[in-house]
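A structural walkthrough
Chain residues, written in single-letter form:
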Amino acid sequence: MIADISFIKQNIEQDFATIKDAESLEQFRLKHLTKKGTLPVLVESLREIPKEDKPAIGKLINELRQYVEATFKEFKENLEAEESSVPLIDTSLPGRMPLKGHIHPIKKTLDTIISIFEGMGFTVAEGIDIEDDYHNYEALNFAEDHPARDMQDTFFIDDPRGDILLRSHTSPVQIRMMKSHPIPIRSIMPGRVYRNEALSARSLAEFHQIEGLYIDKHVTFADLKGTIVAFAKQMYGNNSQFRFRPSYFPFTEPSAEVDISCYLCSGKGCRICKNSGWLEICGCGMVHPQVLKNCGIDPEEYSGFAFGFGIERVTMLATGINDIRALYENDIRVLEQF
Ligand code: DAH
């Protein structure tokens, strides 16, 4: 029996030597440690040993069992430690580049326009989105029943003060500037504006404008023309042609709309300019004497000009995006092209 035990021990030791991974460890466990395995069978066989031999044999078997169990545990722990130290990341793989964000095309247009006007000595001012009827209309010479109010479908706000609305253009910022700033005033005023328009490829209920205002002594229409042309040449290139068309706005007199020659077809006519060869870029004019008066400025002493651009329109022309909604859908496939 003693010889048997040392033979079994030798066998087990040989098998220990084959343990190199989880699979061989499991083979070992199945062969030697499970119910029908070598060790439990050996322990079981103690029953058949004559009583007088039991203490000595039992001791040997017990020692063997303790040795095998302890050694097995050691193998298991070593293997587990080895496994957990295997790196989960393959550092030899090429890295995944993080996506880089960039400035939205509307903000880019805004930044470009602002930097051009800053270069001409204009400062940047901002107004408020929630306006009152006085600043949005009345002070700008829109009489209460003036049909031009219908040109801008307004969102009115239910407010106990009455006459509160979402500004329909950035022109009310002109009024706030003229009322609060000493002359000369030479500012541009970018911001969001709101109109109750059906959403379509050409219009949104919320968009951006940039307003310009210059008030001083002896400001003339020639200054207005020179400023707009200087701006547009920097924005659209030196070869662009311009035309000033007579127009009407209640807050300017005379008023004009400015067109530039279509830079896609150089004035020959194409889809973008609807075959006219021209693209409208802004409204402008000399500040109406009544508007100056409304702001406490003497029209005999001072004069000025104003202009207004739609930022989305400029952006659409610059990018070739022909559905205004694409600028707001945040579709990364569209945005990453600009
Ligand atoms: N506020 C006008 C609009 O939204 C645009 C505009 C036209 C602004 C002429 C001006 C201007 O300052 O002089 O349609």
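Residues numbered from 1 in each chain as written. Predicted model: local features only at pLDDT ≥ 70, side-chain atom pairs only at ≥ 80, totals over all residues. Heavy atoms only, no water.

1. Quick word on the site of the ligand
Around the ligand, 16 residues are found, and the nearest of them are His 169, Ser 171, Arg 195, Gln 209 and Glu 211. Measuring from an oxygen atom of the ligand, one finds a side-chain N or O atom of Gln 209 at 2.9 Å. The backbone of Ala 306 places a nitrogen or oxygen atom 3.1 Å from an oxygen atom of the ligand. Compared with its free state, where it exposes 360 Å², the ligand has 91% of that area covered by protein. Sorting the residues of the shell around the ligand by element identifies α7 (171-180), β6 (206-216), β9 (278-287) and β10 (303-310) as the ones contributing at least two each. Considering only residue class, the shell around the ligand consists of five nonpolar, nine polar and two charged. (Near = heavy atom within 4 Å. Polar contact = N/O pair within 3.5 Å; in protein donor to acceptor, adjacent residues only side chain to side chain. Areas by Shrake-Rupley, 256 points an atom, 1.4 Å probe, with all protein chains shown as cover. Helix = DSSP H or I, 4+ residues; strand = E, 2+ residues; numbered from the N terminus. Nonpolar A, V, L, I, M, F, W, Y, C, P; charged D, E, K, R; others polar.)

2. Concerning the nonpolar core
Membership of the largest hydrophobic core comes to 42 residues, with the highest contact counts inside it found for Ile 113, Phe 117, Ile 210, Phe 231, Phe 305, Phe 307 and Phe 309. When contributions to this core are tallied by element, the ones reaching two or more residues are α5 (105-119), β6, α8 (221-236), β8 (252-261), β9, β10 and α10 (311-319). For Phe 117, the contacting residues outside a window of four places in its chain are Phe 122, Ile 188, Thr 227, Phe 231, Phe 307 and Phe 309. Core analysis: the second largest hydrophobic core is formed by 23 residues, Phe 142, Met 178, Ile 215 and Leu 292 among them. (Core = buried A, V, L, I, M, F, W, Y, C linked by side-chain atoms within 4.5 Å. Buried < 20%, exposed > 50% of the residue type's maximum accessible area, 1.4 Å probe, protein only. Contact = heavy atoms within 4.5 Å.)

3. What to know about α5
Its 15 residues give α5 an end-to-end C-alpha distance of 21 Å, which sits within 8% of 21 Å, the value for a rise of 1.5 Å per residue. Within the span of α5, buried status applies to Pro 105, Ile 106, Thr 109, Leu 110, Ile 113, Ile 114, Ile 116 and Phe 117. Note on α5: the residue one or two positions beyond its end, Gly 121, has a positive phi of about 90 degrees. (Expected span 1.5 Å × (residues − 1).)

4. Details of the sheet that holds strand β2 (residues 130-132)
Within a sheet, adjacent strands bond to each other through the backbone by hydrogen bonds, running parallel or antiparallel. One open sheet accounts for three strands, arranged β2-β4-β3; its pairing is antiparallel. If you trace the sheet from one side to the other, it starts and ends with β2 and β3 (156-157), each paired once. When β2 meets strand β4 (residues 164-166), the two strands line up antiparallel, connected through three bridges. If you follow Glu 131 over to β4, its bridge partner there is Leu 165. (Pairing = 2+ DSSP bridges.)

5. Things to note about the domain arrangement of the chain
Domain annotation of the chain identifies domain 1 (2-85) and domain 2 (105-335). The C-alpha-based centres of domain 1 and domain 2 are spaced at 90 Å. (Domains from an automatic or database assignment.)

6. Things to note about a negative patch on the surface
Together, Glu 138, Glu 144, Asp 145 and Asp 163 line one region of the surface with negative charge. In this fold, Glu 138 is placed in the loop between α6 (133-136) and β3. (Patch = residues over 30% accessible without salt bridge, like charges linked within 9 Å, V, L, I, M, F, W, Y side chains within 5 Å. Salt bridge = Lys/Arg side-chain N within 4 Å of Asp/Glu carboxyl O. Lys, Arg positive; Asp, Glu negative; His and termini not counted. Charge placed at Lys NZ, Arg CZ, Asp CG, Glu CD.)

7. Notes on the packing of aromatic side chains
Here the structure, examined in full by the defined rule, presents 17 aromatic pairs. A network of ring pairs unites the aromatic residues Phe 117, Phe 122, Tyr 214, Phe 231, Phe 305, Phe 307 and Phe 309 as a single cluster. Lys 9 extends its terminal NZ or CZ atom over the ring of Tyr 67, reaching a point 5.2 Å from the ring centre. (Phe/Tyr/Trp six-rings, centres within 6.5 Å; stacked < 30°, edge-to-face > 60°. Lys NZ or Arg CZ within 6 Å of the ring centre and 35° of its normal.)

8. Considerations on the pairing of β6
In terms of residue burial, β6 counts as a mostly covered element, since nine of its eleven residues are buried. Looking at chain direction, strand β5 (residues 185-194) and β6 are connected through ten bridges and run antiparallel. Paired with Pro 190 across the bridge in β6 is Ile 210.

9. A closer look at the side chain of Asp 259
Tracing the sequence through the fold places Asp 259 in strand β8. The exposure class assigned to Asp 259 is buried, which follows from its relative accessible area of 3%. Within the structure, Asp 259 has its side chain in polar contact with the side chain of Arg 243 (distance 2.8 Å). Engagement of the side chain of Asp 259 in a polar contact is seen with the side chain of Arg 245, the distance being 2.8 Å.

10. Here's the deal with the packing of helix α1 (residues 2-18) against helix α4 (residues 54-84)
Two numbers describe how α1 lies on α4: the axes approach to 11 Å, and their chain directions differ by 5 degrees. Of the possible angle classes, the one that applies to α1 and α4 is roughly parallel. Here α1 contributes Ile 2, Ile 5, Ile 8, Lys 9, Ile 12, Glu 13 and Phe 16 to the contact with α4, which in turn contributes Ile 57, Leu 60, Ile 61, Leu 64, Tyr 67, Val 68, Thr 71, Phe 72 and Phe 75. Tallied by class, residues from the contact of α1 with α4 come to 13 nonpolar, one polar and two charged. (Axes fitted to C-alpha atoms, helices over the stretch in contact; angles between N-to-C directions. Parallel < 35°, antiparallel > 145°, perpendicular 65-115°, else oblique.)

11. A look at the sheet that holds β8
In space, the seven strands of this open sheet follow the order β1-β5-β6-β10-β9-β8-β7, with mixed pairing throughout. Both outer strands of the open sheet, β1 (123-124) and β7 (242-249), are each paired with one neighbouring strand and no more. Here seven bridges tie β7 to β8, and the two strands are oriented antiparallel to one another. Within β8, the position partnered with Phe 242 by the bridge is Ile 260. Of the strands in this sheet, β5, β6, β9 and β10 are in contact with α7, which crosses β6 at around 35 degrees. Helix-sheet contacts for α8 involve β7, β8, β9 and β10, and the interaxial angle to β7 is about 125 degrees.

12. Some details on the environment of Ser 168
Mapped onto the secondary structure, Ser 168 falls in the loop between β4 and α7. Residues Ser 168 and Lys 107 lie 61 residues apart in sequence; the distance between their C-alpha atoms is 20 Å.

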